[in-house]
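# Examining the three-dimensional arrangement
What follows is each chain in one-letter form.
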Amino acid sequence: MAKQPMLKFVQIERDMPEKRAAEVRKEDFDEIYAEYAATKAAEQSSRCSQCGVPYCQSHCPLHNNIPDWLQLTATGRLEEAYQVSQATNTFPEICGRICPQDRLCEGNCVIEQSGHGTVTIGTVEKYITDTAWDKGWVKPAAPAVERSESVGIIGAGPGGLAAADMLRQAGVQVTVYDRSDRAGGLLMYGIPGFKLEKDVVQRRNDLLADGGVKFELNCAIGEDISFDDLRAKHDAVIIATGVYKSRDLAGPGSGAKGIEKAIDFLTVSNKKSFGDDVAEFTSGQMNAEGKRVVVIGGGDTAMDCVRTSIRQGATSVKCLYRRDRANMPGSQRETQNAEEEGVIFEWLSAPKGFTDEGGKVTGVMVQKMRLGQPDASGRQAPEVIEGADYVEEADLVIKALGFEPEDLPTLWNQPELPVTRWGTIKAAFTTGATDLDGVYAVGDIVRGASLVVWAIKDGRDCAEAIISKLNAEAVVAAE
């Protein structure tokens, strides 16, 4: 009888790749987890229970065939594992690094629920595709037939790039427009290197270019080219801009120097890591070195800011969040990593203003909170504890309060562009189609600030819908 290669979760314990010591890793922006060796990847994959109803797959937005590629990895069939993995995911090695697996696939793993510790799905996913790159299995798009139709994509983030990849696979001509100087969007400028090293993103950009995707960078719609001209130039247009308008914080002293937006702080840090000459960093405005840093917020962006501040050499880093740890929206794994690196969390603490001296911030006026009755979302609403205010001293304050959509109808002079009362674009979730003929929208500009994996799904679904529409139109034209 053949030896059973799977269901070894009883004999084999969960084992993550080695994590670099906090004192070492906080000195650089390199990723903190090592790569699995082949034997360890196979061993950890073999813990999968191959359950009849794979909750890991159903709770993955892309519905990745996780049990299948785990079994293929466990039995040493890595090239097949890669083919299965990339069949549903445009960027598996990126999702393996930055997806909140604890809230998605791993958090719903059956053996996790039974107390044996989840299969390390994300780490195996990363290993499979990193190996595929090393072995030369990852190839640029090579469509069997080139089509005459073209699609313009506004935004070179994960949603736009996922759509670009699928459209090129089908032979459609694709041009991606982005106002930044590098493609990747949030992947390139919003996420620090210790979570996602930038050569991982750049090799995907290069692969798309090698497959025929054209990039028009440093190109702002409404300035360098009008939205109307874009529609006239292409058979379809996909809006994949993401949401980059930072939520603000009012209150006394909110205009003081030294109070910065999270996206600006992270973008400057990433540009500095590229070796760019960044005036805001050189001047010290966006440099945490030697400063007492306070970050306001409890999501993944706040975690990126506190951990970046540590690496820049801050003398102290504190994170203020108005709820407790259990109600924090960010990844618990990232919170733990931040604590190991020296970040101090002030739970149940909300800012009500800022102190300053000569127009330069000196502290955050903090209200202590308690959790009361659940709000409309079902989470316990924070309530102020009267008489418990204090000032948290700070030289640099970073607001990581979330993001909202920019006013695209005004920016692009498109008053007919359909938007919701929140400013997001009205589009069908299944296809991305809007009420404007040939105009589609995907990712955060439709959903609001969300996960990279959802943007990838939206981009792929939209590309599939466009290809179907182009095929139908081609049949009608032929008839």
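Residues numbered from 1 in each chain as written. Predicted model: local features only at pLDDT ≥ 70, side-chain atom pairs only at ≥ 80, totals over all residues. Heavy atoms only, no water.

## Side note on the overall build of the chain
A tally of helices and strands in the chain yields 19 helices and 16 strands. Over its C-alpha trace the chain gives a radius of gyration of 23 Å, about what one expects of a compact globule, namely 23 Å for 479 residues. Along the longest, intermediate and shortest principal axes, the C-alpha atoms of the chain span 75 × 65 × 45 Å. Relative to its full complement of 479 residues, the chain shows a buried share of 54%. Pairs at least 24 residues apart make up 69% of the contacts formed inside the chain by residues separated by at least 6 positions. Approximately 20,800 Å² of the chain is accessible, and the part contributed by carbon and sulfur atoms is 49%. The average position of the 53 basic charges and that of the 71 acidic charges among the side chains of the chain differ by 3 Å. (Helix = DSSP H or I, 4+ residues; strand = E, 2+ residues; numbered from the N terminus. Rg over C-alpha atoms; globule rule 2.2 N^0.38 Å. Buried < 20%, exposed > 50% of the residue type's maximum accessible area, 1.4 Å probe, protein only. Contact = heavy atoms within 4.5 Å. Areas by Shrake-Rupley, 256 points an atom, 1.4 Å probe, with all protein chains shown as cover. Lys, Arg positive; Asp, Glu negative; His and termini not counted. Charge placed at Lys NZ, Arg CZ, Asp CG, Glu CD.)

## Thoughts on the packing of helix 4 (residues 66–74) against helix 8 (residues 121–135)
At a minimum axis separation of 11 Å, helix 4 and helix 8 run at an interaxial angle of 65°. Handedness of the helix 4/helix 8 crossing: left-handed. For the pair formed by helix 4 and helix 8, the contact residues are Ile-66, Trp-69, Leu-70 and Thr-73 on the first element and Ile-121, Val-124, Glu-125 and Ile-128 on the second. (Axes fitted to C-alpha atoms, helices over the stretch in contact; angles between N-to-C directions. Left-handed = near helix turned anticlockwise from the far one by under 90°.)

## Some details on the UniProt feature "domain: FAD/NAD(P)-binding" (unreviewed entry) in the chain
The feature "domain: FAD/NAD(P)-binding" (unreviewed entry), as annotated in UniProt, sits at residues 151–459 in this numbering. With 29% helix and 25% strand, residues 151–459 has end C-alpha atoms that lie 13 Å from one another. (UniProt positions renumbered as here; feature names shortened; annotations may be inferred.)

## A short note on a nonpolar patch on the surface
Taken together, the side chains of Val-53, Tyr-55 and Val-110 make up a nonpolar region of the molecular surface, amounting to roughly 250 Å² of accessible area. Along the chain, Tyr-55 turns up in helix 3 (residues 55–58). Overall, Tyr-55 belongs to the partly exposed group, its relative accessible area being 39%. (Patch = residues over 30% accessible without salt bridge, like charges linked within 9 Å, V, L, I, M, F, W, Y side chains within 5 Å. Salt bridge = Lys/Arg side-chain N within 4 Å of Asp/Glu carboxyl O.)

## Regarding the sheet that holds strand 14 (residues 396–399)
Strands sit in the order 6-14-7-8-9 across an open sheet of five strands; the sheet is parallel. Strands with a single pairing partner mark the edges of an open sheet, and in this sheet they are strand 6 (259–261) and strand 9 (344–346). On average, each strand axis in the sheet is tilted by 25° relative to the strand beside it, whichever way the strands run. With four bridges connecting them, strand 7 (residues 292–296) and strand 14 associate as parallel partners. (Pairing = 2+ DSSP bridges.)

## Let's talk about the sheet that holds strand 3 (residues 214–216)
Sheet architecture is open: five strands sit in the order 3-2-1-4-16, paired in parallel fashion. Looking at the sheet topology across the chains shown, the edges are occupied by strand 3 and strand 16 (439–441). Taking the axes of each pair of neighbouring strands and ignoring which way they run, one obtains an average angle of 20° across the sheet.

## A few points about the domain arrangement of the chain
We note that the domain assignment places domain 1 (22–135), domain 2 (150–244 + 404–478) and domain 3 (248–399) within the chain. Measuring from the centre of the C-alpha atoms in domain 1 to the corresponding centre in domain 3 gives 32 Å. Tallying the contact residues gives 11 residues for domain 1 and 16 residues for domain 3. A per-residue breakdown of the area domain 1 buries against domain 3 is headed by Arg-25, Lys-26 and Phe-29, which together make up 48% of the total. Inspection of the domain 1/domain 3 interface yields two salt bridges. The residue Glu-341 makes a salt bridge to Arg-25 at a minimum N-O spacing of 2.6 Å. (Domains from an automatic or database assignment. Buried area = accessible area lost by both parts, 1.4 Å probe.)

## A word on the nonpolar core
Val-151, Ile-153, Leu-167, Leu-187, Leu-196, Ile-238 and Ile-466 are the most contacted members of the largest nonpolar core, which totals 42 residues. Looking at this core, the elements that each hand over two or more residues are helix 6 (92–98), strand 1 (150–154), helix 9 (158–169), strand 2 (173–177), helix 10 (186–190), helix 11 (198–210), strand 4 (236–239) and helix 19 (452–478). Top contributing element to this core by residue count: helix 19, with eight residues. Two domains share this core, each providing at least three of its residues, namely domain 1 (22–135) and domain 2 (150–244 + 404–478). If we skip the residues at most four places from it in the chain, Ile-238 touches Val-151, Gly-152, Ile-153, Ile-154, Ala-163, Leu-167, Tyr-440, Val-442, Cys-462 and Ile-466. (Core = buried A, V, L, I, M, F, W, Y, C linked by side-chain atoms within 4.5 Å.)

## Observations regarding the side chain of Asp-165
Mapped onto the elements, Asp-165 comes out in helix 9. The buried charged residue Asp-165 lacks any salt bridge, with Arg-460 as its nearest oppositely charged partner at 5.1 Å. Beyond its immediate stretch of four places on either side in the chain, Asp-165 contacts Thr-90 and Leu-208.

## Topic: the pairing of strand 8 (residues 316–320)
A large share of strand 8 lies buried, amounting to four of its five residues. Relative to strand 9, strand 8 runs parallel, the two sharing three bridges. From the neighbouring strand, Leu-320 faces strand 9, where its bridge partner is Glu-346.

## Details of the environment of Ser-450
On the secondary structure map, Ser-450 appears in the loop between helix 18 (444–447) and helix 19. The class for Ser-450 is partly exposed, based on a relative accessible area of 33%. In this structure, the C-alpha to C-alpha distance between Ser-450 and Lys-261, residues 189 residues apart in sequence, is 18 Å.

## Quick look at helix 11
For an α-helix the count is 3.6 residues per turn, leaving residues at separations of three or four pointing the same way. For helix 11, built from 13 residues, the straight-helix expectation of 18 Å at 1.5 Å per residue is met to within 8% by its first-to-last C-alpha distance of 18 Å. Along helix 11, the positions that sit buried rather than exposed are Lys-198, Val-200, Val-201, Arg-204, Asn-205, Leu-207 and Leu-208. Each element contacted by the buried residues of helix 11 is listed here: helix 6, helix 8, helix 9, helix 10, strand 3 and helix 13 (262–273). At the exit of helix 11 stands Gly-212, carrying a positive phi of roughly 105°. (Expected span 1.5 Å × (residues − 1).)

## Overview of the pattern of salt bridges
Applying the stated criterion to the full structure yields 36 salt bridges. In this structure, the salt-bridge partner of Arg-182 is Asp-276, at a minimum N-O distance of 2.9 Å. Taken together, the positions of Arg-182 in the loop between strand 2 and helix 10 and Asp-276 in the loop between helix 13 and helix 14 (279–282) put the pair 94 residues apart, joining distant regions of the chain. Taking the shortest distance from any N to any O, the salt bridge between Glu-346 and Lys-318 comes out at 4.0 Å. Taken together, the positions of Glu-346 in strand 9 and Lys-318 in strand 8 put the pair 28 residues apart, joining distant regions of the chain.

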